[in-house]
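# Commentary on secondary and tertiary structure
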Amino acid sequence: QETMRCNPHALGQLMADHTQLDWRPLLPLLTLPCLNCVGGCSGVFPLEGCLRVGELAPDCCNVVFSRANHWLYLEQPDDFNRLLLEFLETGNAGRPKREDTA
């Protein structure tokens, strides 16, 4: 519902940008910790492809929201916000390379 209120042209441009460009060669060059949050039920992108981001980036943790589709921050806002705040405080210290949430 929230997405449907967005400008369709802007959404189209966003999708065209990150679906037509191959960013994989740049991921190993990242020097900052990153958190790759993925919806386990996403109908937009296959889970295996999304997880590849965390595998290629040096200090990245994949977090799969197993009950969420594509809009994690709308579907599981409390879990998403808690995770993000924790990441901002501690980075990936002590976090496994992959984590699954309920």
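Structure's up top.
Below is a summary of the structure that appears in this document. Keep in mind that this is a model prediction, so the values were computed, not measured.

### Considering the nonpolar core
Of all hydrophobic cores here, the largest spans nine residues; its members are L35, C61, V63, F65, A68, L72, F80, L83 and F87. Counting residues per element, the ones that place at least two in this core are β2 (60–65) and α4 (77–90).

### Section: the environment of F45
Among the structural elements, F45 can be located in the loop between β1 (34–39) and α2 (47–56). With a relative accessible area of 24%, F45 lands in the partly exposed category. When the C-alpha positions of F45 and H70 are compared, they lie 8.2 Å apart, and in sequence the two are 25 residues distant.

### What to know about α2
Of the positions making up α2, those classed as buried are C50, L51 and G54. End-on, the buried residues of α2 take up no more than an arc of 95°, which puts them together on one face. Contacts from the buried residues of α2 go to β1, β2 and β3 (98–101).

### A few points about the pairing of β1
With five of six residues buried, β1 is to be regarded as a mostly interior element. Inspection of the sheet shows β1 paired to β2 by six bridges, in the parallel sense. Directly across from L35, in β2, lies its bridge partner C61. Once you follow β1 into α2 and on to β2, the crossover reads as right-handed.

Rules used throughout
- Residues numbered from 1 in each chain as written.
- Predicted model: local features only at pLDDT ≥ 70, side-chain atom pairs only at ≥ 80, totals over all residues.
- Heavy atoms only, no water.
- Core = buried A, V, L, I, M, F, W, Y, C linked by side-chain atoms within 4.5 Å.
- Buried < 20%, exposed > 50% of the residue type's maximum accessible area, 1.4 Å probe, protein only.
- Helix = DSSP H or I, 4+ residues; strand = E, 2+ residues; numbered from the N terminus.
- Arc of directions from axis to C-beta.
- Contact = heavy atoms within 4.5 Å.
- Pairing = 2+ DSSP bridges.
- Right-handed = clockwise from strand over helix to strand, strands pointing away.

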